[in-house]
Amino acid sequence: MTDNITGNRPESKSVKPFVTPSHEFTASRRTFVQALGAGLVITVTDALSWGQRRGGRGGGGGQGGAMPVVARLHLNDDGTIAVMSGKVEEGQGARTELSQAAAEELRVPFDRIRIVMADTDFVPDDGITAGSRTTPGNIPPMRQAAATARELLTRFAAQQWQVDAGTLEVRDGTITNKKTNQKLTYADLAKSKEIAEAFKQPIESNAALTAVSDWKVMGTSAVRANSRDLVTGAHRFPSDITRPNMLYGRVLRPPSYGAKLESIDLSEAKAMKDVVVVREGEFVGFAAPTLFQATAALEAAAKTVSWKPAPAPTSSKTVHAYLKEHARMGSSSEKGFAEAAKTLSATYTLAYIQHTPMEPRAAVAEWDDGKLTVWAGCDGPYRVKGDLVRLFSIPAERVHAIIPDMGGGFGGKHNPDAALEAARLAKAAGKPVWVRWTRAEEFTWAYFRPAAVIECRGGLNAKGSLVAWDFVNINAGGAAVDTPYSIPNKRAQSVGSDSPLAQGAYRCLAATGNNFARESFMDELAAAAGVDPLEFRLAHLENQRIRTVLETAAKHFNWFERRKKVTPELGVGLACGTEKNSVVAACVEVGIDRKKGEIKVREVCEAFECGPIQNPANLTSQVQGCIVMGLGGALTEEIQFENGKILNASFRDYRVPRFRDVPKIDVHLVPKNDIPSAGGGETPIIALAPAIGNAIFAATGVRLRAMPMRGDALKQV
Amino acid sequence: MDVTVTLTVNGVERTVTTDPQRPLLDVLREDLHLTGTKYGCGEGRCGACTVLMDGKRVLSCVTPVSLADKKSITTIEGLAKGDALHPVQEAFLEEGAMQCGYCTPGMILSAVALLQTKPNPTDEEIIAGMNGNICRCNGYVKIMNAVRRAAGKMRR
C-alpha cells in the first residue's frame, strides 16, 4: 500500500536490502504437520521449505522461474487448497484478492482456498508489502502457480484416462471426462504421490491464465475469510498475541531526538517485585507481569536519568527554509522560458505527517532453546527475520517471524522496531515479552511522511498555452514528479535535503505532495490564461486514461454548471493525476467561513481507474479510505516539533479525520480490462488536496500553498 | 496497594486483585485474556477501547479498574449469543464495514450504545454518537451504512 521514498539520500531510503536467501531446509523438518491460522492443517514437505528462500527479484514477488508449485500451493485431502504468500494483510485486502486469484485459476469456489500469509516458516519471501505492489507483482505469480497446478492435475487425469487433456472439464475442483463421466476431485488427488512429485516442478510462467471476461471469482466482491473474527474480537492482532508466562515490556526513550544517555539509576526499578531490567548500552528496557508494573518501573528509572541533548537544527516553523537551504539542487534549465509571454512561479510546502495506524507497532518475542519466534506488526516477515538475525548474529534457521493480520500500516510499519525490542527483553528475561508502543511513542519514534518544499515555474505563450515547465521537489521524493501534461519544454526533478526528522514511506508518499503542487499550480496557470481549469487541463492532456477519469468525474459532478454557482462561501475545484499505473480525478465542493477560518469539504466526486477490477467492494473501500485519509493531510495533519521534541504527539493535538469530517462521497470506478491490474490502495489519495485548494481559490481568490491548508490562513488575508 | 475488584464480564463474575489505578483495558486484556478490546491512544480520544459498563459506553483505557467494581461489563467477546451475532455485528459484516478491523470492536460497541438510546437515529445523531471513534483506514462511509442497517435490523 505504500511507496518507498526515492531521492538521492541513501540514508533516507526506507527500503533496506532484503534478507539474503537462506537455505533453511533441515532434515528434522522433512515432514511435519502444522496447524495454522483458522484451524488449517497442512503437511509441510521438504519441497515446501524451498518456499522459504527468496521468491523473486527485488521483492517483486515470486516471479523467479525456479519456484516449485509446492512452494505456493498444497492440496488438502478435504478439498481445500492451502496457498502461500509472503504478503501482509493490514486492511488493504491482500488476503482476499490473493485467495481470489488462486481460486480463479484452480477453478474452485473462493471458500475452498486457505491462504497462509507472512509466516517465514511457510511462505516465500515476496518482499515487503508496499508500493501497491501486491496487485501487479504478487497476484500474477499466484495465478501462474494455481494455473500450473490446474494444468498438472488435468494432465495427470488425462494420462489416467488415456485421453487428451484438452477434452477434460475442470470445475469446482473436479476434473471430468464428459464422454465417460469419469471424475477426479482435487481432494482425491491430494493423496496422490505422483501429484506430490509433480508439484515439485517449477511454476510455469506461461501457464494459461483466465481472461478477464471469463473471471468467475476474481472481479467479485468476495469477503475476507476472517472477517467474522474481526467483528467478534476473536482475531488476534500482533498486539493481542499472548504466550504462557509472558511479560509486558517498556523501553526508555530519550526526551528529544539524538539525546544521549549520560547516567541512570536503575536500583529502584530493579527493587520492584517481578520486574526485569535490561541495560545494554543505550538500550534500557523493563519487563513485568503487567504493563502497569513495567510502566511504573520505566517511570521510576526515567526520573533518575541524565540526558545530554543533541543540537536541534530546525523546528516545524522553520523547516521549509531549512530544507531549501540544504537542498542538493541541480542546475536550472532556462530553455523555453525565454519564449514565454508570461511566467509564473510559486513555492508549495508540505508538513511532516504521521501514519497513525490504529494499532501501534507491536511484537511478542519468545526464545526457546536458542530459537527465536516473533509475532510482529510489520510490513514484511522476512524483514523482521533478517533484522533479528543481524541483531543477535544467529543462524537464519533459528528465527521464525510471523505477521498476524495487523491493524493498519499505510507505509508506516516497514521497520520491525518493536520486534527487536521485544526480542532483546525476552532474551534477558528468559520469558516471552510483549512490546506495544504507546500512541505517544508511535507519534515520536516511528518515522514520518517527509516534509517538502516544491518550487514550480511555468511559462504561457501569447495564446495561453503552457510552453515551459520547471518543477523541483526538495526532500519528499520523486513519485509522480513528472508532469503528465504535454509541454514542449519541461524539467522535473526530485532532490534530497537534510531531513531533521526520521522519514520514510507513506501511502503514495511524494505523489501526494507533487500532485498537490502541480495541480494547484496548473490552476494558477489556468487562471493566468483566463481559461476554465477543466478546459485548460484537457488542452494539455494527451494521456487518454487521465482524460477519461477527469471527464467522468466532471460529468458526474456537473462541473460547468456548478462552477457558475461559485460564491465566496462555496467553491468547487478539481484535480487529476497518475501514479503506480493508475489514474484518478476528483471534483470537490468546499464550504468556507472566512470569519471563523473554517474550511469544510462538503462533497467529493472521484473517478478512479486501475485496470481490471479484482474486487469491487474492496476497491471501493480503498478509494473511500484514500479520500478521507487525504482530507487529513490536506487540512489538519501536521507534526509540530521544536528542539528535537514532537509537540503534538497525541490524538488531542494531532487532528485526524473523524465521522464529522466526512463529506458526501461519490466514487466512480472506471473499468478498463485491456491492461494488467494495478494496485488501487494509494493513488486515489493524490487528487484530494489540490482539488480542495483549487476550490478554496475559486471561492476566495486566495491560493493556499501549504499542506495542510489551514483555515486560519483565510482569516489573515 | 492492591485491591480486590469484583466485576461481571460478559455475564460471568470475575474477581481481580490488582492496583486500583490500572486501566480497565489492561485488566480485560492481561488478566482476563479478553484481547478483543483494543488500545488505540491511552488518552480516551479514539474509542478503540470502548466497552459497555452497566450498558453505558465507557473508554476502558482511561477507566481505572477500581471504578468497575460491582459493575457489569460487556466487551466485544460478549456481544454474540453463541453463534448468533448481535445485529450490529451482522450489519458490519454485511456492509463490509471494516478494513484492518482494529477499530471494529470499539465501533461496534459504540454503535450498540448509540442504538440503545436512539433506536431510530438521524445521520447527525449517528455522527454525534460515533465521532469519538477513529478509523485510520478511514472507512467511515461504510461504517455509517452499517449503523443505519443495524438500526433497521434492531427495529424489526
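The model shown is predicted, which means the values in this text are computed figures rather than measured ones.

Q: Please provide a residue-by-residue account of the overall build of chain A, values included.
A: Tallying secondary structure elements over chain A gives 18 helices and 28 strands in all. Counting every position in chain A, which comprises 717 residues, the buried fraction comes to 55%. Taking all contacts inside chain A whose residues are at least 6 apart in sequence as the whole, residues at least 24 apart take part in 77%.

Q: I'd love a proper account of the interface of chain B and chain A, names of residues and values included.
A: With 44 residues of chain B at the contact, the number on the chain A side is 44 residues. When residues of the side of chain B that touches chain A are traced back to their parent elements, those giving at least two are α1 (24-31), α2 (87-95), α3 (104-117), α4 (123-130) and α5 (140-155) of chain B. Among the residues making up the side of chain B that touches chain A, the classes are represented as 21 nonpolar, 14 polar and nine charged.

Q: Hey, could you go over unusual backbone geometry for me, with residue numbers and the actual values?
A: With an omega dihedral of 0°, the bond running from M707 of chain A to P708 of chain A counts as a cis peptide bond. Among the structural elements, P708 of chain A can be located in the loop between β28 (706-707) and α18 (712-716). Unusually for a residue other than glycine, D54 of chain B sits at a positive phi of about 50°. Relative to the helices and strands, D54 of chain B is located in the loop between β3 (50-53) and β4 (56-59).

Q: Please give an account of the sheet that holds strand β18 (residues 433-436) of chain A that cites residues and values.
A: Residue and element names in this part refer to chain A. Across the sheet, seven strands lie side by side as β11-β12-β9-β18-β15-β16-β17; this open sheet has mixed pairing. Two strands in the sheet have a free side with no partner beyond their single neighbour: β11 (276-280) and β17 (399-402). Going across the sheet, the axis of each strand differs from the next one's by a mean of 20°, ignoring polarity. Two strands pair when backbone bridges link them, and β11 and strand β12 (residues 283-288) are joined in this way by five bridges, in the antiparallel orientation. In the sheet register, R279 faces β12, and the bridge partner there is V284. Contacting β9 (247-251), β11 and β12, helix α7 (residues 291-302) runs over the sheet at an angle of about 145° to β12. Its contacts with the sheet put helix α9 (residues 381-392) on β16 (371-376) and β17, and the angle it makes with β17 is roughly 150°.

Q: For α2 of chain B, give the residues involved together with the corresponding values.
A: For α2 of chain B, every residue scored as buried is listed here: P87, V88, Q89, A91, F92 and E95 of chain B. Turning to α2 of chain B, the residues buried within the fold contact α5 (227-232) of chain A together with α3 and α5 of chain B.

Q: Got a sec to walk through the sheet that holds strand β23 (residues 582-593) of chain A? Specific residues and values, please.
A: Residues and elements named next belong to chain A. The strand order β22-β23-β24-β27 describes an open sheet built from four strands, whose pairing is mixed. The open sheet has two free edges, formed respectively by β22 (570-579) and β27 (664-669), since each of these has just one partner strand. Geometrically, the sheet is characterised by an average inter-axis angle of 15° between neighbouring strands, direction not taken into account. In this fold helix α17 (residues 688-700) packs onto β22, β23 and β24 (598-609), with an angle of close to 150° to the strand it touches most, β22.

Q: Please provide a residue-by-residue account of the packing of helix α12 (residues 510-529) of chain A against α17 of chain A, values included.
A: Residues and elements named next belong to chain A. It is at 8 Å that the axes of α12 and α17 come closest, and there the two elements cross at 30°. Compared by their axis directions, α12 and α17 come out roughly parallel. When you trace α12 past α17, the crossing you get is right-handed. Contacts between α12 and α17 pair T512, N515, F516, E519, S520 and D523 from the former with A689, P690, G693, N694 and F697 from the latter. Residue classes in the contact of α12 with α17 are distributed as four nonpolar, five polar and two charged.

Q: How would you explain the nonpolar core if you had to name every residue and give the values?
A: In summary, soluble globular proteins display a tendency toward joint burial of nonpolar side chains. Within the largest apolar cluster, 260 residues are counted, with the highest numbers of intra-cluster contacts made by V374, A419, A422 and A586 of chain A. Contacts of V374 of chain A, omitting those with residues within four sequence positions, involve A363, A365, V384, L388, A401, A419, A422 and A423 of chain A.

Q: Give a description of the domain arrangement of chain A that names residues and reports values.
A: All names here are of chain A. Segmentation of chain A into domains returns domain 1 (10-227), domain 2 (238-309 + 361-436) and domain 3 (452-716). Between domain 1 and domain 2, the contact holds 23 residues from the first and 19 residues from the second. In terms of residue class, the side of domain 1 that touches domain 2 is made up of six nonpolar, nine polar and eight charged.

Q: Tell me about the pairing of strand β14 (residues 342-350) of chain A, residues and numbers included.
A: All names here are of chain A. Inspection of the sheet shows β14 paired to strand β19 (residues 452-460) by nine bridges, in the antiparallel sense. Paired with T349 across the bridge in β19 is V453. Here β14 runs beside β28; their pairing, made up of two bridges, is parallel. When the bridges of β28 are listed, L350 appears paired with M707.

Q: How would you sum up the domain arrangement of chain B? Please name residues and give values.
A: In many analyses, interface size is given as the accessible surface area lost on bringing the parts together. Residues and elements named next belong to chain B. Domain assignment breaks chain B into domain 1 (3-77) and domain 2 (87-155). On a C-alpha basis, the centres of domain 1 and domain 2 stand 21 Å from each other. Counting residues at the interface gives 15 residues for domain 1, matched by 13 residues for domain 2. Looking at the side of domain 1 that touches domain 2 element by element, the count peaks at three residues for β3. For the side of domain 1 that touches domain 2, the residue count by class is six nonpolar, six polar and three charged.

Q: I'd like a description of the environment of R136 of chain B, backed by residues and values.
A: Among the secondary structure elements, R136 of chain B is positioned in the loop between α4 and α5. For R136 of chain B and P64 of chain B, which are 72 residues apart along the polypeptide, the C-alpha to C-alpha distance reads 26 Å. Residue contacts for R136 of chain B: discarding those within four places in its chain leaves T356, P357, M358, G408 and V656 of chain A.

Q: Tell me about the environment of R279 of chain A, and please be specific about residues and values.
A: All names here are of chain A. Relative to the helices and strands, R279 resides in strand β11. Owing to 15 C-beta atoms within 10 Å, R279 belongs among the partly exposed residues under this scheme. When near neighbours in sequence (up to four residues on either side) are disregarded, R279 contacts L266 and V284.

Q: Got a sec to walk through the confidence of the model for chain A? Specific residues and values, please.
A: For chain A, per-residue confidence averages 90 on the pLDDT scale, and 90% of positions sit at 70 or higher. The low-confidence segment residues 1-65 of chain A, where pLDDT is below 50, has 157 contacts with residues more than four positions distant or belonging to other chains.

What counts and what doesn't
- Residues numbered from 1 in each chain as written.
- Chains lettered and ligands numbered in written order.
- Predicted model: local features only at pLDDT ≥ 70, side-chain atom pairs only at ≥ 80, totals over all residues.
- Helix = DSSP H or I, 4+ residues; strand = E, 2+ residues; numbered from the N terminus.
- Buried ≥ 20, exposed ≤ 12 C-beta atoms within 10 Å, placed from the backbone.
- Contact = placed C-beta atoms within 7 Å.
- Nonpolar A, V, L, I, M, F, W, Y, C, P; charged D, E, K, R; others polar.
- Pairing = 2+ DSSP bridges.
- Axes fitted to C-alpha atoms, helices over the stretch in contact; angles between N-to-C directions.
- Parallel < 35°, antiparallel > 145°, perpendicular 65-115°, else oblique.
- Left-handed = near helix turned anticlockwise from the far one by under 90°.
- Core = buried A, V, L, I, M, F, W, Y, C linked by C-beta atoms within 7 Å.
- Domains from an automatic or database assignment.
- pLDDT = per-residue confidence, 0-100.

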